[in-house]
Structure formats: C-alpha cells, structure tokens
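The residues making up each chain are set out below.
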Amino acid sequence: MTPTSILFLIAGYFLLLILISYFTGKNDSNDDFFKAGKSSPWYLVAFGMVGASLSGVTFISVPGWVADSQFSYMQVVMGYMVGYFVVAYVLLPIYYKWNLTSIYEYLAQRFGVVSHKVGAVSFFVSRVLGAAFRLFLVAIVLQQFVFDELGVPFEVTVTISILLIWIYTFKGGIKTIVWTDTLQTLFMLLSVGFSIYFILQELDYSFSEFLASNELKQYSKTFFTDDFFAPNYFFKSFFGGMFITICMTGLDQDMMQKNLTCKNLGDAKKNMVSFSLTLVVVTFIFMLLGALLFIYADKFGIAIPMMDGQAKTDLLFPEIALNSNLGIIVGATFMLGLIAAAYSSADSALTSLTTSFCVDFLAIDKKSESSQKSIRKGTHIFMSVLLIIVVIIFKHVLDTNVIDGLLKAASYTYGPLLGLFAFGILTKYRVKDTYVWLVALLSVLITFALGKIPAESLGGYVFGYELLPINGLITFLGLWLIRRDASADEIEANSIKS
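Residues numbered from 1 in each chain as written. Predicted model: local features only at pLDDT ≥ 70, side-chain atom pairs only at ≥ 80, totals over all residues. Heavy atoms only, no water.

A.B. asks: Can you walk me through the environment of V158 in this structure?
C.D. replies: Following the sequence through the fold, V158 ends up in helix α7 (residues 154–169). Taking relative accessible area as the criterion, V158 reaches 2% and is therefore assigned buried. On a C-alpha basis, the gap between V158 and V282 in space is 28 Å, while along the polypeptide they are 124 residues apart. In this structure, V158 is in contact with A139, I388, V391 and I392, ignoring residues within four places of it in sequence. (Helix = DSSP H or I, 4+ residues; strand = E, 2+ residues; numbered from the N terminus. Buried < 20%, exposed > 50% of the residue type's maximum accessible area, 1.4 Å probe, protein only. Contact = heavy atoms within 4.5 Å.)

Printed below as a string of structure tokens:
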C-alpha cells in the first residue's frame with residue numbers, strides 16, 4: 001500500500017469513530033463520561049474489552065516475540081485467565097457494593113486520604129506508561145511505513161495520533177468507548193484472520209497441515225519446566241500472569257471503569273468470565289500468526305526491519321502485510337487492525353486517566369456543579385499533552401520488545417496497589433495512614449533492586465514477572481508493620497466484605 005492510500009484509510013476510519021461519538025456524546029454529561037449512565041450491555045463490554053486488552057502491543061509485539069520466546073507467552077495467558085476469575089468474584093463485588101466512580105475511593109474508605117492518593121498515583125504512573133508503550137508501538141509503525149516517506153517528523157505523528165483520540169472521546173468518554181471498542185475489536189480480529197488465510201495460501205498450507213507441520217514445531221514450544229532459574233519457567237510465568245491480571249485489570253481504573261458501566265454486578269461477572277475465556281483463544285491465534293510470519297519471512301528472504309540501527313521484530317508483521325505480495329486486502333485490514341488495536345486501549349486509557357485525576361486528585365464531586373464539566377475537559381486536554389510527551393521520550397530510551405517492557409514496568413508500578421488492596425480485603429486492620437506513601441516507595445525501590453541483581457549472584461536465577469507479586473508482598477508486609485487495631489465501629493464502617 002502507498003502512504004497516500006494508508007492515509008485515506010486512516011481518515012475514513014476516524015470519520016467512523018467520530019460519527020459514533022456524535023451519537024453517544026450528545027448528552028455530554030459527567031455521568032455519561034465517567035459511568036456511561038450504568039447502562040452498557042455486558043456482552044458489548046466483554047467483546048470490546050478483548051480489543052482493549054490485546055491492544056497494539058499484542059497485535060504486533062506478540063507475533064514479533066515468537067522467534068525469541070516461542071509460545072511461552074501462553075503460560076502467562078493461562079495465569080491471566082485465573083486472575084480474571086479472581087477479579088470477577090473478589091474485586092467486582094466490592095466495587096459494586098460501594099458504587100464507586102474511581103476504584104481507588106475504596107482505599108480512602110478503608111485506610112484514609114494518604115492511602116487513597118498512593119493508590120491513585122500508582123495507577124496514574126502505571127497507566128501513563130502503559131498507554132505510552134502502546135501508542136509508541138503504533139507510532140513507530142506509522143512512522144516507518146507512512147510518515148517517513150512523506151517527510152513528517154515522529155513528534156508530529158504522535159501529536160496527530162493523540163489529537164484524533166481526543167476528538168472522539170472529549171464528550172462521550174466511557175460511553176463512547178464502550179461502542180468504539182466493539183468496532184475496534186472486530187477490525188482487529190478480521191485483520192488477523194485475513195493475514196493467516198492469505199499467508200497460508202502463499203505457503204501452500206491448509207490450516208490443519210500448518211498445525212501439524214515441522215516448521216510450526218520450531219516455534220511452538222509452550223511449556224518451559226526444565227530450568228527453574230529461567231525467567232520463562234512455567235510457574236513463574238503462570239503466577240506472574242495471574243497477578244498481572246489482578247493488578248492490570250482488577251486494580252486498574254482503565255479496565256474496571258468499563259465493567260462498572262454494566263447495569264448490575266451479575267452482568268459485570270458474566271462480562272469478565274466470557275471475556276477471559278475468549279482472550280485465551282484469541283491470544284493463541286496471535287501466537288500462530290507470529291509463527292507464520294517468521295516461516296513466511298524465512299521462505300521468501302524477508303529481513304527483520306531495522307529502526308535506529310537495530311533489528312525490530314515488532315515491525316515484521318507490518319513489513320509483511322504492507323510490503324510483500326499478500327495483496328491489498330491484507331494491507332488494508334492490517335492497517336485497520338493496527339489502528340483499532342492501538343486506539344481501543346489508548347482511548348480508554350485517556351478517559352480513565354481523566355476520570356481518576358478528576359475524582360482522586362481534584363475531588364470533582366465536591367466542586368460546584370457549574371464548574372465540573374470545564375474541569376473534566378481541561379483535565380482531558382492535560383492528559384493528552386502528557387501522553388504526547390511520554391511517547392516521544394520512549395523513542396529515545398526504549399530498547400526492548402514492547403510487550404516485555406510493558407510487563408516489566410507493571411512489576412514495579414502495580415505492586416503497591418496489589419499490596420494495599422490485598423491488605424484491605426484480607427485483614428481487618430487499619431494502618432497509620434501517614435506512612436503509607438513511605439511503604440509504597442520502599443517497596444518499589446526494593447523490588448527494583450532485586451530485579452537488577454546479576455543472575456550469577458543468585459546462582460543463575462533470573463527474576464521474571466514474579467517481581468509483581470513480590471512487590472505486592474513487600475507492600476503488604478510494610479502495611480503490617482504500620483498496622484493498628486480498628487474499633488468495632490471502624491470495622492463495621494470500613495472493612496469491606498463481599
């Protein structure tokens with residue numbers, strides 16, 4: 001595809017999103033922006049969450065990771081599924097019981113103001129980094145295959161991308177996103193399906209022949225149980241994945257905000273369970289696509305694309321989709337899938353950051369009714385500018401596979417949230433709220449130091465995603481040290497039992 005045709009495709013796609021936002025954002029109220037009037041059909045939320053969870057990271061980075069890690073990512077995904085059940089049956093009942101707008105309001109009720117702010121800051125840092133990771137991945141693809149040829153600088157590419165998100169979310173917020181996510185998930189799955197179909201045709205394989213082929217066996221090892229010291233050892237990956245889901249979904253305002261738009265708790269549970277089962281199947285299909293891409297590249301002599309002097313496996317999928325002989329259908333659906341994957345997570349991240357900042361930091365519900373809408377809109381603009389700055393910084397500092405970098409960052413930033421919520425749910429103790437920030441900071445620093453210990457100093461052991469539960473455990477133990485007994489009245493008022 002030519003850069004011009006890709007630009008027309010992008011323009012058409014965003015016109016469709018803006019049309020959806022026109023109908024869903026007519027009310028332009030804070031209630032619709034933050035909660036969608038609590039009227040979203042659960043099946044619509046579940047389908048849309050598939051795209052939001054996969055994002056541009058899974059769409060490009062997971063297939064590009066297959067050559068180095070084979071199918072080991074499925075070990076993490078199996079842990080994800082267990083984590084989703086924990087979210088459905090432990091965390092969602094708490095959020096619905098308290099009728100929360102921001103889930104971090106729970107920490108204020110349970111422990112106090114400082115705990116509330118620590119939880120909100122942990123989310124804020126986590127989501128800014130996560131959204132920036134995802135947007136960065138799409139921006140480098142658009143830059144490599146479209147805007148470089150047109151002479152447009154990377155910084156302009158990033159600014160345009162986030163401006164487009166702002167345009168279709170600034171009125172409807174989460175109400176718009178529930179509907180646009182559904183469309184974006186559909187485009188993403190169509191793109192993967194067409195890509196697999198046409199690559200199999202070029203390789204002269206049927207799908208069943210591909211599954212039984214020796215070429216696939218070179219990439220498809222899934223379970224790694226022979227080296228406990230390796231970062232991809234099964235139980236480390238599985239439990240790491242479980243805690244990643246509990247934190248990055250269950251303790252994340254971005255993902256929970258969509259669930260809280262369902263009509264009731266029963267619908268929210270159905271949404272979470274059906275979504276978790278679907279996600280496992282869809283991720284496995286992405287792994288198969290990754291193997292196909294490397295098999296196809298080997299057969300036709302396609303080199304891994306270079307960026308800034310380094311080979312980037314994240315760019316193999318777009319290279320094959322846009323510059324090989326697979327045809328216009330693959331190229332067009334790839335671009336639609338890529339844009340859909342990126343913006344299905346980035347738009348909800350922008351909305352959830354706006355929601356959390358307004359509720360958790362600005363206490364918007366305590367402001368005058370006449371000023372609430374202008375505060376929300378000003379915050380929305382501020383978050384957009386912040387994301388632009390962080391994505392541009394990533395171009396100069398990021399040197400790893402994007403999904404690997406995203407999960408490593410989560411190990412540090414989500415740990416305090418895990419510890420705080422676990423302590424609140426599993427114990428009846430209050431804490432000395434003034435010192436919670438210090439516990440969270442020390443936990444992150446200790447976890448970071450553990451992750452930097454050379455493997456040879458640990459007998460060859462390499463820390464993987466288990467750093468996240470370790471971080472949460474350190475926070476939990478720190479809260480235990482600053483615990484204080486609650487009176488019977490305090491327990492009754494503040495201890496939450498589902």
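A.B. asks: I keep staring at the packing of helix α18 (residues 415–426) against helix α20 (residues 467–481) and nothing clicks. Help me out?
C.D. replies: Geometry of a packed helix pair, given as the angle between the helix axes and the separation of the axes. The interhelical angle for the contact between α18 and α20, taken along N-to-C directions, is 50°, at an axis separation of 7 Å. In terms of their interaxial angle, α18 and α20 are classed as oblique. When you trace α18 past α20, the crossing you get is right-handed. For the pair α18 and α20, the contacting residues are G415, P416, L418, G419, L420, A422 and F423 in the first and L468, P469, N471, G472, T475, F476, L479 and W480 in the second. In the contact of α18 with α20, the residues fall into 10 nonpolar, five polar and no charged. (Axes fitted to C-alpha atoms, helices over the stretch in contact; angles between N-to-C directions. Parallel < 35°, antiparallel > 145°, perpendicular 65-115°, else oblique. Left-handed = near helix turned anticlockwise from the far one by under 90°. Nonpolar A, V, L, I, M, F, W, Y, C, P; charged D, E, K, R; others polar.)

A.B. asks: How do you make sense of the side chain of R430 when you look at a structure like this?
C.D. replies: Structurally, the position occupied by R430 is in strand β3 (residues 430–431). Classification of R430 as buried rests on a relative accessible area of 10%.

A.B. asks: Could you clarify how one ought to interpret the pattern of salt bridges in this entry?
C.D. replies: Close approach of charged atoms lets side chains of opposite charge pair. Overall, the coordinates contain three salt bridges when judged by the stated rule. Between D252 and R127 there is a salt bridge, with its nearest N and O atoms 2.7 Å apart. Separated by 125 residues along the polypeptide, D252 in the loop between α11 (234–250) and α12 (253–259) and R127 in helix α6 (residues 113–150) bring together distant segments of the chain. For the pair D252 and R127, one class covers both residues: buried. Residue K270 pairs with D267 through a salt bridge whose shortest N-O separation is 3.4 Å. With K270 and D267 both in helix α13 (residues 265–300) and three residues apart, this pair spans about one turn of that helix. K270 sits in the partly exposed class, given a relative accessible area of 42%. Note on D267: relative accessible area 13%, which makes it buried. (Salt bridge = Lys/Arg side-chain N within 4 Å of Asp/Glu carboxyl O.)

A.B. asks: Honestly, the packing of α6 against α18 in this entry has me stumped. Any pointers?
C.D. replies: Running from N to C, α6 and α18 point in directions that differ by 145°, and their axes come no closer than 8 Å. Crossing handedness for the pair α6 and α18: left-handed. Taking contact as the criterion, the partners of S115, V118, G119, S122 and F123 in α6 are, on α18, P416, L417 and L420. Looking at side-chain class alone, the contact of α6 with α18 contains five nonpolar, three polar and no charged residues.

A.B. asks: Is there a simple way to explain the packing of aromatic side chains in this structure?
C.D. replies: When we look at a pair of aromatic rings, we describe it by the centre distance and by the angle of the planes. Tallied over the full model, the rule gives 39 aromatic pairs. Ring geometry for F136 versus F154: centroids 6.4 Å apart, planes at 70°, classification edge-to-face. Taken together, the positions of F136 in helix α6 and F154 in helix α7 put the pair 18 residues apart, joining distant regions of the chain. Note on accessibility: F136 and F154 belong to one class, buried. Ring geometry for F194 and F198: centres 6.4 Å apart, planes at 25°, overall stacked. Taken together, the residues F194 and F198, both in helix α8 (residues 174–202) and four residues apart, mark about one turn of the helix. Of the residues examined, F198 reaches a relative accessible area of 17% and is grouped as buried. Of the aromatic side chains, those joined through ring pairs into one cluster are F223, F228, F229, Y233, F234, F235, F238, F239, Y461 and F463. Taking NZ or CZ as reference, K236 lies 5.8 Å from the ring centre of F228, over its face. Positioned over the ring face of Y461 is K236, at 3.9 Å from the centre of the ring. (Phe/Tyr/Trp six-rings, centres within 6.5 Å; stacked < 30°, edge-to-face > 60°. Lys NZ or Arg CZ within 6 Å of the ring centre and 35° of its normal.)

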